[in-house]
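Listed here are the chains, written in short residue letters.
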Amino acid sequence: MSLLKVRDLSVTFDTLQGPFKAIEGIDLDVEEFDTLAIVGESGCGKSVLGHATMRLLDDIAVVKGSVIYRGREVYAMSREELLELRGKAISLVPQSPSASFNPVIRIGTQITELIEKAGVAHGREAEQRALTYLERVGFPDPRAIFNSYPHRMSGGMCERALIAMSTSTEPDLIIADEPTKGLDALSRKNILYMLQKMTTGSTLIMITHDFKAAAMCKRIAVMYSGEIVEIGPTRVVLEQPTHHYTRGLIDAQPSRGMKPIPGRHTIGSHTSEGCRFRDRCDRVRSECGRHPLLRKIEDYRMVRCHYA
Ligand SMILES: Nc1ncnc2c1ncn2[C@@H]1O[C@H](COP(=O)(O)OP(=O)(O)OP(=O)(O)O)[C@@H](O)[C@H]1O
Ligand code: NI
């Protein structure tokens, strides 16, 4: 049984300009101890997918489809079940540390509270656990960090504390949203090392722009304009991308000369039929006027292109 099973998931936001479809037709299976990177240009729906998985989107989001965690439908869970899911089973490391830490409450107090709320430990024991996790993420003086305020810490330190907090309840699944965003090269390397160490023994979904970060995951899913366009083992996908968008993204990486993908990433306006990437694709043919399905091309490998 998959740990997480997403079926035909779509999210539409009700906006002043009308309905805005952020993700559509997402199918995903994540096995226990799997590590999956989700990549794609800004606005393609990565964070929306992460939040929808935990039923964290607000009411203006219309969610269709299904998210099944350990055989249970997340969208049919009671309030209590949801609290348990978010407190203990799945942990989201949000895109900006400032969104998860209150700047004026000591780091230690916040981690301790989370541990207590999840029912993992209480009082002194919870505090001790917070200290242990701060130590595990490499703070040489965990007590000093425990007593610090988030607004006084650097981005890299905050991200590290966030990883300590998110793993302190020992969740089965960790969804890390852009853990290396805005960090310098050294902090980035540290955070990736830490994330890898701290998620050993759990399942990880890492949302990222950074292919170096993605490379630490066993599998990679590439999203374009609200859809998954390619998914497979990371090494194979990065070495032999089949979708032209994946190829474009790889060539746009700094290590590959930052060659930009021509054209603009259109999001949310999927009124027209056909492949969403066709305006930017250099092998477009008449067939591309038909919307391609995500289809299997090899074992464990799927792509949404008529010509792959
Ligand atoms: N609450 C909301 N209301 C309306 N639109 C939203 C809302 N949240 C997200 N969106 C839109 O949905 C689309 C997908 O957003 P999302 O944050 O998932 O992108 P992303 O792939 O995570 O991008 P980034 O890499 O910049 O974080 C964007 O166009 C965004 O503006
Ligand atoms: Ni995002």
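Residues numbered from 1 in each chain as written. Chains lettered and ligands numbered in written order. Predicted model: local features only at pLDDT ≥ 70, side-chain atom pairs only at ≥ 80, totals over all residues.

**Section: the overall build of the chain**
To keep it simple, the criterion reads: A helix here means a DSSP run of H or I that spans at least four residues, while a strand means a run of E at least two residues long, and both kinds are numbered starting from the N terminus. To get the radius of gyration, use the C-alpha atoms; to get the globule rule, take the number of residues to the power 0.38 and multiply by 2.2 Å. Partly exposed residues are those whose C-beta has more than 12 but fewer than 20 other C-beta atoms within 10 Å; with 20 or more the residue is buried, with 12 or fewer it is exposed, and the C-beta atoms are placed from the backbone. Contact between residues is assigned whenever the C-beta positions, reconstructed from backbone atoms, fall within 7 Å.
Looking only at helices and strands, the chain has 11 helices and 12 strands in total. Relative to the 2.2 N^0.38 estimate, which gives 19 Å for 308 residues, the radius of gyration of the chain is 20 Å and therefore close to what a compact globule would have. Along the first, second and third principal axes, the C-alpha atoms of the chain reach 65 × 45 × 40 Å. Within the span of the chain, comprising 308 residues, buried residues form 41% of the whole. When contacts within the chain are restricted to residue pairs at least 6 apart in sequence, those whose partners lie at least 24 apart make up 62%.

**Structural notes on the site of ligand 1**
Spelled out, the test is: A molecule or strand has a residue near it when that residue's C-beta atom, placed from backbone coordinates, lies within 6 Å of it. Only Asp, Glu, Lys and Arg are considered charged in this grouping, and only Ala, Val, Leu, Ile, Met, Phe, Trp, Tyr, Cys and Pro are considered nonpolar; every other residue, Gly among them, is considered polar.
Taken together, 16 residues surround ligand 1, and among them A22, S42, K46, S47 and V48 come closest. Of all the secondary-structure elements, those providing two or more residues to the shell around ligand 1 are strand 1 (4-15), strand 2 (18-30) and helix 1 (46-53). The greatest single-element share of the shell around ligand 1, amounting to 3 residues, is contributed by helix 1. Here the shell around ligand 1 is built from residues that sort into 7 nonpolar, 8 polar and 1 charged.

**Some points on the sheet that holds strand 8 (residues 203-207)**
The cut-off we apply is this: When DSSP locates at least two bridges between a pair of strands, those strands are taken to pair. In this description, a line fitted to the C-alpha atoms serves as the axis of each element, helices being fitted only across the stretch in contact, and the angle between N-to-C directions of two axes falls anywhere from 0 to 180 degrees.
Ordered by their spatial adjacency, 8 strands build an open sheet running 6-7-8-3-9-10-12-11, and the pairing between neighbours is mixed. Strands at the two margins of the open sheet, each flanked by one partner only, are strand 6 (90-93) and strand 11 (295-298). Averaged over all adjacent pairs, the angle separating strand axes in this sheet is 20 degrees, with direction ignored. Sheet topology note: the strand 3 (residues 35-39)/strand 9 (residues 219-224) ladder contains 4 bridges and is parallel. For A37, the partnering residue across the bridge sits in strand 9 and is I220. Taken strand by strand, helix 7 (residues 155-167) contacts strand 6 and strand 7 (173-177), and its axis lies near 170 degrees from that of strand 6.

**Here's the deal with the pairing of strand 3**
Counting buried residues along strand 3, 5 of its 5 residues qualify, which places the element largely inside the surrounding structure. Alternating positions in strand 3 separate into two faces, T35, A37 and V39 on one and L36 and I38 on the other, with burial throughout. In terms of strand pairing, strand 3 meets strand 8 through 4 bridges, oriented parallel. Pairing of T35 across the sheet is with L204, part of strand 8.

**Here we look at the sheet that holds strand 5 (residues 72-73)**
Overall, antiparallel pairing links the 4 strands, which are arranged 2-1-4-5 in an open sheet. Lying at the two open borders of the sheet, with one neighbouring strand each, are strand 2 and strand 5. Pairing between strand 1 and strand 2: 9 bridges, direction antiparallel. Bridging across to strand 2, L4 finds its partner in V30.

**Concerning the confidence of the model for the chain**
Rule in force here: Per residue, pLDDT measures the predictor's confidence, with a range of 0 to 100.
On average, residues of the chain carry a pLDDT of 92, and 99% of them reach 70 or more. Mean pLDDT across the elements of the chain ranges from a minimum in helix 3 (residues 97-100), with 74, to a maximum in strand 5, with 98. Across the interface, the model reports ipTM at 0.98; the global pTM reads 0.94.

**Digging into unusual backbone geometry**
We note that E178 has phi near 50 degrees; this positive angle belongs to a residue other than glycine. You can see E178 is positioned in the loop between strand 7 and helix 8 (185-198). Taking the number of C-beta atoms within 10 Å as the measure of exposure, E178 has 21 and is therefore buried. Although it is not a glycine, M258 adopts a positive phi angle of roughly 50 degrees. Checked against the element boundaries, M258 lands in the loop between helix 11 (244-251) and strand 11. On the basis of neighbour counts, which here come to 9 C-beta atoms within 10 Å, the residue M258 falls in the exposed class.

**Focus on helix 5 (residues 123-136)**
Helical geometry note: an α-helix holds 3.6 residues per turn, so side chains three or four residues apart project in the same direction. What counts here: By this rule, a helix spans an expected 1.5 Å times one less than how many residues it contains.
The end-to-end C-alpha distance of helix 5, which contains 14 residues, comes to 20 Å, matching closely the 20 Å that a straight helix rising 1.5 Å per residue would cover. Where helix 5 is concerned, the buried positions are A126, R129, A130, L131, Y133 and L134. Lining the buried residues of helix 5 we find helix 4 (107-117), helix 6 (142-146) and helix 7. One or two steps after helix 5, the chain reaches G138, where phi turns positive at roughly 95 degrees.

**Regarding the nonpolar core**
Formally: Each nonpolar core consists of buried Ala, Val, Leu, Ile, Met, Phe, Trp, Tyr and Cys residues. Their C-beta atoms, within 7 Å, join them into a set.
The biggest cluster of nonpolar side chains holds 79 residues, and the ones touching the most others in it are I38, L134 and V222. Broken down by element, this core gets its largest block of residues, 6 residues, from helix 7. When near neighbours in sequence (up to four residues on either side) are disregarded, L134 contacts F139, P142, I145, F146, A161 and A164.

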